[in-house]
Amino acid sequence: MLKGKKLAVIGVGKLGEALISGLLKQGGLTTGDIIGSVGHEPSVEKVNKKLGIKVSTDNRATAKGADLIILAVKPQNMHNVLLELEDVLTPDQLVISVAASVTTKYVEQRLSKPIPVIRAMPNTPAIYNAGMTGMCNGSHVTTEQSKVAESIFKCIGETVFVDESLMDGVTALSASGPAYLYVIIESLAEAGVKLGISRETSTLLAAQTTYGAAKMVLESKSHPALLKDMVTTPAGCTIDGLMELEEGKIRVTLIKAVVKAAERARELVNTQNSTGS
Ligand SMILES: NC(=O)c1ccc[n+]([C@@H]2O[C@H](COP(=O)([O-])OP(=O)(O)OC[C@H]3O[C@@H](n4cnc5c(N)ncnc54)[C@H](OP(=O)(O)O)[C@@H]3O)[C@@H](O)[C@H]2O)c1
């Protein structure tokens, strides 16, 4: 679906890089099909060397003539970037914003023409083709354009369309989610170290166990509670571990973490000191 399309990425930072790497590996696009822009001159060479695509600090030239334009700058840079692009973008181009907190309406209102805008919220495991992207359509998007956008994010993992009112929740759950899981993996590995297992082996045990448990949920389609019961032998050791987790209020802590991140996601676009998703 992407073959022959020209893609522009405005803001090739951590996420932009992850997306471009995935598209080069899985999307049937070549380095000649993708062009990128960054905020500062020193990043130009760095990104060019890393990805092999043409890069500049000229957003207008980057967006001109592209079929698909991914806006991957920080939410607080979005207003100025849209001001720059306002008279360059045309309704036959498809704009995809991956910025946390930025609504399709926010983007549409800052463009002078009825440009199709899709909001997408991917996450960094996209680098290893294990990303999760929540998506929603703006006012001027056709079904065909929706499918094209979906095919971009399918190259880097799973996708799901949700109502736009749920996008801050998606941001807090799956875009921020890897950070919560790294803390869990790190903590499990620390436990292995405490029990005398080397850090390297402990990290492998923790990470592969997390990966395997997630795969069980996805492939068996069983409720996580049922899968937990399969591991928990009566009077065995797992139930003792679970009791400690419950005493430490792990469930309510995780729920509150996601709810708090969603609250922050709602206000990011208006914040000058925000740092990402
Ligand atoms: N990281 C994640 O896990 C994640 C997940 C989902 C969505 N997102 C969203 O993705 C966006 C980018 O996040 P990130 O983590 O990739 O941040 P990042 O690494 O800081 O990347 C931001 C990029 O934007 C460039 N930039 C800054 N000002 C610009 C301008 N005026 N014109 C063009 N480019 C400009 C920066 O270039 P310089 O470095 O040269 O300034 C940098 O390449 C954010 O809106 C975030 O909400 C991130």
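Values in this document were obtained by computation on a predicted structure and should not be read as measured data.

Draft legend 1. Region of the structure containing the sheet that holds strand 7 (residues 131-137). One open sheet accounts for eight strands, arranged 3-2-1-4-5-6-7-8; its pairing is mixed. This sheet does not close on itself; its edge strands, each paired only once, are strand 3 (54-56) and strand 8 (157-161). When the angles between neighbouring strand axes are averaged without regard to direction, this sheet yields 20°. In the sheet, strand 7 pairs with strand 8 via five bridges, with the strands oriented parallel. Opposite Gly131, over in strand 8, you have Gly157 as the bridge partner. Contacting strand 1 (7-10), strand 4 (68-71), strand 5 (94-97), strand 6 (117-121), strand 7 and strand 8, helix 6 (residues 143-154) crosses the sheet at an angle of about 150° to strand 8.

Draft legend 2. Summary view of the packing of helix 8 (residues 177-194) against helix 9 (residues 199-220). It is at 8 Å that the axes of helix 8 and helix 9 come closest, and there the two elements cross at 135°. Relative to helix 9, helix 8 is oriented oblique. In the packing of helix 8 onto helix 9, the handedness of the crossing is right-handed. The residues of helix 9 that touch helix 8, namely those facing Ile185, Leu188, Ala189, Glu190, Gly192 and Val193, are Arg199, Ser202, Thr203, Ala206, Ala207 and Thr210. Residues of the contact of helix 8 with helix 9, tallied by class, amount to six nonpolar, four polar and two charged.

Draft legend 3. Molecular detail of a nonpolar patch on the surface. Residues Leu195, Ile197 and Leu205 make up a contiguous nonpolar surface patch of about 290 Å² in total accessible area. Counting through the fold element by element, Ile197 comes out in the loop between helix 8 and helix 9.

Draft legend 4. Quick look at the site of the ligand. Neighbouring the ligand are 24 residues, the closest being Lys14, Leu15, His40, Ser43 and Val73. One of the side-chain nitrogen or oxygen atoms of His40 is found 2.7 Å away from an oxygen atom of the ligand. Against a free-state accessible area of 900 Å², the protein chains account for coverage of 84% of the ligand. Elements with a contribution of two residues or more to the shell around the ligand: helix 1 (14-26) and helix 4 (75-85). Of all the elements, helix 4 adds the most residues to the shell around the ligand, at three residues. Of the residues that constitute the shell around the ligand, the class distribution is twelve nonpolar, ten polar and two charged.

Parameters and conventions
- Residues numbered from 1 in each chain as written.
- Predicted model: local features only at pLDDT ≥ 70, side-chain atom pairs only at ≥ 80, totals over all residues.
- Heavy atoms only, no water.
- Pairing = 2+ DSSP bridges.
- Helix = DSSP H or I, 4+ residues; strand = E, 2+ residues; numbered from the N terminus.
- Axes fitted to C-alpha atoms, helices over the stretch in contact; angles between N-to-C directions.
- Contact = heavy atoms within 4.5 Å.
- Parallel < 35°, antiparallel > 145°, perpendicular 65-115°, else oblique.
- Left-handed = near helix turned anticlockwise from the far one by under 90°.
- Nonpolar A, V, L, I, M, F, W, Y, C, P; charged D, E, K, R; others polar.
- Patch = residues over 30% accessible without salt bridge, like charges linked within 9 Å, V, L, I, M, F, W, Y side chains within 5 Å.
- Areas by Shrake-Rupley, 256 points an atom, 1.4 Å probe, with all protein chains shown as cover.
- Salt bridge = Lys/Arg side-chain N within 4 Å of Asp/Glu carboxyl O.
- Near = heavy atom within 4 Å.
- Polar contact = N/O pair within 3.5 Å; in protein donor to acceptor, adjacent residues only side chain to side chain.

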